[in-house]
Every structure is written in C-alpha cells, then in structure tokens.
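Residues per chain, in single letters:
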There are 2 protein chains.
Amino acid sequence: MQANQIRDALEQLRSAHAGTSTDAYVREALDRLGPPRRPGLGGPRDGVSLAPPEVARLIDHTQLAPDATDAAIQQLCTEARTYEFASVCVHPCYVPLASSALETAPVAVCTVIGFPHGANHPVTKAFETKQALEDGADEVDMVLPIGRLKSGHMEAVEADIRAVVEAAHDDVAGPRAQPPIVKVILETALLTDAEKAVACVAARRAGADFVKTSTGFASGGATAHDVALMRQIVGEALGVKAAGGVGSVDDVQRMVAHGATRIGASGGVSIMEGMTSETDY
Amino acid sequence: MQANQIRDALEQLRSAHAGTSTDAYVREALDRLGPPRRPGLGGPRDGVSLAPPEVARLIDHTQLAPDATDAAIQQLCTEARTYEFASVCVHPCYVPLASSALETAPVAVCTVIGFPHGANHPVTKAFETKQALEDGADEVDMVLPIGRLKSGHMEAVEADIRAVVEAAHDDVAGPRAQPPIVKVILETALLTDAEKAVACVAARRAGADFVKTSTGFASGGATAHDVALMRQIVGEALGVKAAGGVGSVDDVQRMVAHGATRIGASGGVSIMEGMTSETDY
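Residues numbered from 1 in each chain as written. Chains lettered and ligands numbered in written order. Predicted model: local features only at pLDDT ≥ 70, side-chain atom pairs only at ≥ 80, totals over all residues. Heavy atoms only, no water.

### Points about the overall build of chain A
- Looking only at helices and strands, chain A features 12 helices and eight strands.
- By the compact-globule yardstick of 19 Å for 281 residues, chain A fits well, its C-alpha radius of gyration being 18 Å.
- Overall, the C-alpha framework of chain A stretches about 50 × 50 × 30 Å when taken along its three principal axes.
- Here chain A, with 281 residues, has 58% of them falling under the buried criterion.
- Sequence-distant contacts, at least 24 apart, represent 70% of the contacts inside chain A between residues at least 6 apart.
- Counting only carbon and sulfur atoms, one obtains 49% of the accessible surface of chain A, whose full area is about 10,700 Å².
- When the 24 basic and 36 acidic side-chain charges of chain A are each reduced to a single mean position, those positions are 8 Å apart. (Helix = DSSP H or I, 4+ residues; strand = E, 2+ residues; numbered from the N terminus. Rg over C-alpha atoms; globule rule 2.2 N^0.38 Å. Buried < 20%, exposed > 50% of the residue type's maximum accessible area, 1.4 Å probe, protein only. Contact = heavy atoms within 4.5 Å. Areas by Shrake-Rupley, 256 points an atom, 1.4 Å probe, with all protein chains shown as cover. Lys, Arg positive; Asp, Glu negative; His and termini not counted. Charge placed at Lys NZ, Arg CZ, Asp CG, Glu CD.)

Pasting the structure below:
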C-alpha cells in the first residue's frame, strides 16, 4: 500500500467523524505521512542482518495464556535469563513471581494493562499500572480503547493512554534503573489504516514510549506493512513493537527492516534455536 | 459423564496438589457431589418449556466485542428495553452509556471484571468493581484467576473472588433497588471437571451470587454437562449462568433444564425472534 492510499483513507475518516476531535488527529497524521508522491510505505529501509545476541535483546519473551501456571512463568524466566531477552511479558498476577525470579538478571519485567480488550475505565488502567510497577514491573503494554477510537472519540483515546503514561511516569518506587516504559497496543487486526495512523498520533501526543501492533489474541498479528506505517507516523521518537505471529528469525529481520525496535514473541526460544542451527550449518 | 468419574478426577486433583489448600476444596466438592452411585450428572431435572417473556428475563444481552462502538451499545440497550431482557452486559468503559440509556427501563446493567483472562491483581479487580458500581452497574461478571487455580493455589482463587464480592457488597452508592450481583466466570473450556468443581466450591465460599461457564472468548462455551456439574456443586444457594454459544431457544431450554438460571447471549434478539416465529407457526 502506498502513502497516497493512506492519505485518502485518512480523508475519509475525517469526513466520517466530521465535527469531532478526529480532525486534528487526521491533520497530524497527514503531516507525518509527508507530501503526496513520497516513496510508498512498505519497503524495508535497508537490509538487516542481526547476530543472535542482538535478536535476543529485541525480544519480549511472552507468556500471556490465560491458564499459564506458576511453573510456566518460572520456565519463561529461566529461558529469558539464559538467552538474555529484553524482558519477560506476563499477566499482572505474575509480576511478583517474575520480578523475584529475575531479580539479579539483565532482563526487564513487562506486563499488560487492560488486556486484551482495552475497554476498561481509564482510572482502572491507571490503577493497574501503579500496582504493576509497585509489584516490580519495568514496562507496561496497554491496550487502547478500540471501540472509543472507532466511535471517533480521539480525545478520549488520548486521555486513556495519558492516564497510563502519567501513572507510570509518576512512579518512584523501587530500585528501577530507568523510568518505566509504556507501550500502546493498537490491535491492528481490528483497525483500518487510517485508524492505525490516528492511533499512533494519539499515542505520541499522550507521551507513550512505544506503539505496538497486537495483543496476540485477535484474528491477526504483526505485519510488515503495519510496522512501516506505524514507524512513519511516530517518527524516531518512539519505539515500534511488532507482536503476534512473529515466530522465526526471518520474521524478526523483516519486522526490524520495516522499523520495529522490539519484538513480542511466545516462541523466543525457538527463534534463538533457529539462529543457532543456521549458524551451525 | 457420571458423578463417579468426577469423584475419581477430584481424587487425582487432590494427589496432584498434595499438601496444599486444594485438599479442603476437593473434600467439599466430594461432599456436594453426594455418595457414590448417586444418579449421574447430565440428565435434565425435568422438561422445561418457557414462554417468551420468561426466556427474555433470563437473558443477559451481551456485547463484549473489543471494537464495539457507542452505536453498538446504544442499539443493544434499545433491544434490551424492547424485549425486557434481564440485563445488558457491556465492557466497563460503556457502563456510563448503558446506565444512562436504561435509566428508566426494567433492565439491569451488567459489566465484566478482569475480563477475559482473569489474570489481574486482585486489588485491581476490586478497584474495577467499585468503579463500575459507581458508574451505574448492577451486576459484575468476574473471571477467576485460571492459572492460579491450575497451579493449586485454591486459597488465592478464593481470596481473588472474595476481593470482588467484598467490593460489591460494600457498595452503597446510587439508587440501586437490590444489592449488586457478583458472577464468577470459570472459563470451563480451559478446566478439567475436577477444576470446575473446586472452582465452584471457591466461588460459594467467597460469597459469590452466581457461577458462570464462559467468557465467550475461549475455544468453547457453555455445555449442558458443565451447567449440571456446576449446579450440583453450588446447590440452590447460587445462580448458574450459561454463556458462550447459546444461540437458540432450544439451547436456552436445554441449559435451563440442566440447572441454568441465567443465560449470556449476544444473539438475544435472534433467540426471541425464533420464539415468535415458532409461536406464529
């Protein structure tokens, strides 16, 4: 898909929600897409070839099955320590366990907020964020309110994200080396390209640190197209996390080539073993 | 499946979690199942034939799609008013809208807590409950912590449920005619029969008002077998809500025959129209 088509889609979104706050978000998305005839989205910026340790440092090693047990979380943490993944990503009820298991490891603890539907009250998301940070989380991946976005309430979407960002940035607890990171999950499988673009504008305005494609629980996950689109809208100031269906080294390289700076994957070990066997070969 | 098989499964669960709090929950479940050779579970208690208004008063008219818009919630409320369903069931961010739309209608507002994974911190579930009641909810359907249950932490499961029950029963806000109702979603598709049984014991001990089969977002929904099992364990003191895949009048009658006292359905209008056309015929 070309930037021109996304421009058209944004103009349609503006018409559909005429007279609402959507207008301002569409304008900003159009500005960030650049002038017409700009080279199309979707092409990799350059060839990417990452060594195993670089791949590992991109991966949020993820176990978000609703029936994941203590033992599964312990195993996840052991694997993360072995491969030195960027983080483990677990449900809030497992943050204390993961935080304790990784106390001396160079691996962050990431959790999820308002997951996976994003349709909670914003004050609940803020509360859940504070509790997670108090329990030892370093990063929070929040789901934006998808229905609010589709109803054209862009200011409400931005306020929802800001509630989490402020809860995280106000946090002063613990011996955390760096400020907490907030990632905003768009759930791209449920959005049009224009909605993805204005969602990125809202995340950027609200002060989030990353935008992220997917929860892994919708009908689709990360695509190179979506990563490129999100990267174009957020610029270089924010990270882009590709999550959902990223299961091989090739997937990782492709996502990075299109602008991803973090990868969410439940198959991190399999990705790393794939690299090792390739190297062996 | 017969009660004897469930007894065996409970004994196996007790062995698997020997030395934990699981033992007491297994004993209570065995007591409630009754002596061996009791007639098997699964047969309807009696023939059921409900008139349309009775069916309508059983139904929680449900719209929990993560991308449901304001317009979809408005339509849901209009339909609920027309048919006089028991409630509308919506995500927490839509409780104010539904509460306002149904202010003068004999239709309750139900919302969901820790939905659909149940893997939040208990204090977050309690906070979300209080906020929902303040926003106008009359009923809350919470998801129990499935992974904690599978890890054998039955006391933690009970405490998690109790946190929501206490938040609800402490509630004194608003012109509510009746105390808030708390339903506990087991997510039966992810549980063994023995786990379903001890989950019902935990819900009963924690003071919940209902047990409920499913979120509608797992691989399976309500079955007559599960409804009969849950009814047997909770006795007559609690309600049983069958949700997930209940899409016809026949489904409703079958669930009621096996012990359900509430039905969760997104296709309530279609169920009612089916009854009307049958009557016309």
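### As for helix 9 (residues 193-205) of chain A
All names here are of chain A.
- For helix 9, which comprises 13 residues, the first-to-last C-alpha distance of 19 Å matches the rise-based estimate of 18 Å (1.5 Å per residue) to within 8%.
- Most of helix 9 is tucked away, with 11 of its 13 residues classed as buried.
- Positive phi appears at Gly207, one or two residues downstream of helix 9, with a value of about 90°. (Expected span 1.5 Å × (residues − 1).)

### What to know about the relation of the copies chain A and chain B
- For the match of chain A to chain B, the screw axis carries a shift of 0.0 Å, the RMSD comes to 0.0 Å, and the turn is 180°. On the angle and the small slide along the axis, the relation comes out as a two-fold axis. (Least-squares fit on C-alpha atoms with pLDDT ≥ 70 in both.)

### So, the state of the cysteines
- The tally for this structure, following the rule as stated, stands at zero disulfides over all chains.
- Between Cys93(A), a free cysteine, and Cys89(A), which holds the nearest cysteine sulfur, the sulfur-to-sulfur gap is 13 Å.
- Left without a disulfide partner, Cys89(B) is nearest to the cysteine sulfur of Cys110(B), which lies 3.7 Å away. (Disulfide = S-S within 2.5 Å.)

### Thoughts on the side chain of His117(B)
- With respect to the element layout, His117(B) can be found in the loop between strand 3 (108-113) and helix 6 (122-135).
- A polar contact of 3.1 Å, which involves the side chain of His117(B), links it to the side chain of His91(A).
- Filtering out sequence-adjacent residues up to four positions away, His117(B) remains in contact with Leu64(A), Pro66(A), His91(A), Phe115(A), Pro116(A), Phe217(A), Val143(B), Leu144(B) and Ile146(B). (Polar contact = N/O pair within 3.5 Å; in protein donor to acceptor, adjacent residues only side chain to side chain.)

### Digging into the environment of Ala208(A)
Residue and element names in this part refer to chain A.
- Within the secondary structure layout, Ala208 lies in the loop between helix 9 and strand 6 (210-212).
- Taking the C-alpha atoms as reference points, Ala208 and Gly239, separated by 31 residues in sequence, lie 9.2 Å from one another.
- If sequence neighbours within four positions are ignored, Ala208 has contacts with Ile161, Val165, Val182, Val184, Ala203 and Leu238.

### Here we look at unusual backbone geometry
Residues and elements named next belong to chain A.
- Note that the residue after Phe115, namely Pro116, is joined by a cis bond; omega there is 0°.
- Among the secondary structure elements, Pro116 is positioned in the loop between strand 3 (108-113) and helix 6 (122-135).
- The backbone of Glu187 sits at a positive phi, close to 60°, despite the residue not being glycine.
- Relative to the helices and strands, Glu187 is located in the loop between strand 5 (181-185) and helix 9.
- Since its relative accessible area comes to 3%, Glu187 is described here as buried.

### Comments concerning the interface of chain A and chain B
- Each side of the interface is counted separately: chain A has 30 residues, and chain B has 30 residues.
- Taken together, chain A and chain B are joined by two salt bridges.
- Residues Arg148(A) and Asp70(B) are paired through a salt bridge, measuring 3.3 Å at the closest nitrogen-oxygen approach.
- Our enumeration of links across chain A and chain B arrives at 14 residue pairs in polar contact (both at pLDDT 80 or more). (Salt bridge = Lys/Arg side-chain N within 4 Å of Asp/Glu carboxyl O.)

### Comments concerning the pairing of strand 3 of chain B
Residues and elements named next belong to chain B.
- Most of strand 3 sits out of view: six of its six residues are buried.
- Burial of strand 3 is two-sided: the residues Ala108, Cys110 and Val112 facing one way and the residues Val109, Thr111 and Ile113 facing the other way are all buried.
- In this fold, strand 2 (residues 87-90) hands off to helix 5 (residues 95-101), which returns the chain to strand 3; that crossover is right-handed.
- Examined bridge by bridge, strand 3 and strand 4 (residues 139-143) share four bridges and lie parallel to one another. (Right-handed = clockwise from strand over helix to strand, strands pointing away. Pairing = 2+ DSSP bridges.)

### What about the sheet that holds strand 7 (residues 239-243) of chain A?
All names here are of chain A.
- Overall, parallel pairing links the eight strands, which are arranged 1-2-3-4-5-6-7-8 in a closed barrel. Each adjacent strand pair in this sheet contributes to an overall mean axis angle of 25°, direction not counted.
- Across four bridges, strand 1 (residues 59-63) lies against strand 2 (residues 87-90) in parallel orientation. For Asp60, the partnering residue across the bridge sits in strand 2 and is Ser87.
- Along the sheet, helix 8 (residues 154-169) contacts strand 3, strand 4 (139-143) and strand 5; its crossing angle with strand 4, the most-contacted strand, is approximately 165°.
- Along the sheet, helix 10 (residues 224-234) makes contact with strand 6 and strand 7, crossing strand 7 at roughly 165°. (Axes fitted to C-alpha atoms, helices over the stretch in contact; angles between N-to-C directions.)

### Description of the packing of helix 2 (residues 22-33) of chain B against helix 9 (residues 193-205) of chain B
All names here are of chain B.
- At a minimum axis distance of 9 Å, the contact between helix 2 and helix 9 shows a crossing angle of 95°. Accordingly, the angle class assigned to the pair helix 2 and helix 9 is roughly perpendicular. Residues Ala24, Tyr25, Val26, Glu28, Ala29 and Arg32 of helix 2 lie in contact with helix 9, whose contacting residues are Ala197, Val198, Val201, Ala202, Arg204 and Arg205. (Parallel < 35°, antiparallel > 145°, perpendicular 65-115°, else oblique.)

### Some thoughts on the confidence of the model for chain A
- Overall, the predicted model of chain A reaches an average pLDDT of 92, with 91% of residues at or above 70.
- The complex prediction reports pTM at 0.94, with the ipTM value standing at 0.93. (pLDDT = per-residue confidence, 0-100.)

### Digging into the packing of helix 6 of chain A against helix 8 of chain A
Residues and elements named next belong to chain A.
- At their nearest, the axes of helix 6 and helix 8 sit 8 Å apart, and the two run at 25° to each other. By the angle between their axes, helix 6 is roughly parallel relative to helix 8. Taken as a pair, helix 6 and helix 8 cross one another with a handedness that is right-handed. On helix 8, the residues that touch Pro122, Lys125, Ala126, Thr129, Lys130 and Leu133 of helix 6 are Asp160, Ala163, Val164, Ala167 and Ala168. (Left-handed = near helix turned anticlockwise from the far one by under 90°.)

### Examining the pattern of salt bridges
- Counted according to the given criterion, the structure contains 40 salt bridges over all chains.
- The salt bridge involving Glu28(B) is made with Arg205(B); its shortest N-O contact spans 2.9 Å. Residue Glu28(B) is found in helix 2, and its partner Arg205(B) is found in helix 9; the two are separated by 177 residues along the sequence.
- Using a relative accessible area of 32% as the deciding quantity, one classes Arg205(B) as partly exposed.
- If you follow the salt bridges from partner to partner, you end up with Asp60(A), Glu139(A), Asp141(A), Lys183(A), Lys212(A), Lys241(A) and Arg262(A) in one network.

### Quick word on the sheet that holds strand 2 of chain B
All names here are of chain B.
- Taken in spatial order, the eight strands close into a barrel running 1-2-3-4-5-6-7-8, and their pairing is parallel. Geometrically, the sheet is characterised by an average inter-axis angle of 25° between neighbouring strands, direction not taken into account.
- The strands touched by helix 10 (residues 224-234) within the sheet are strand 6 (210-212) and strand 7 (239-243), with strand 7 carrying the most contacts at an inclination of about 165°.

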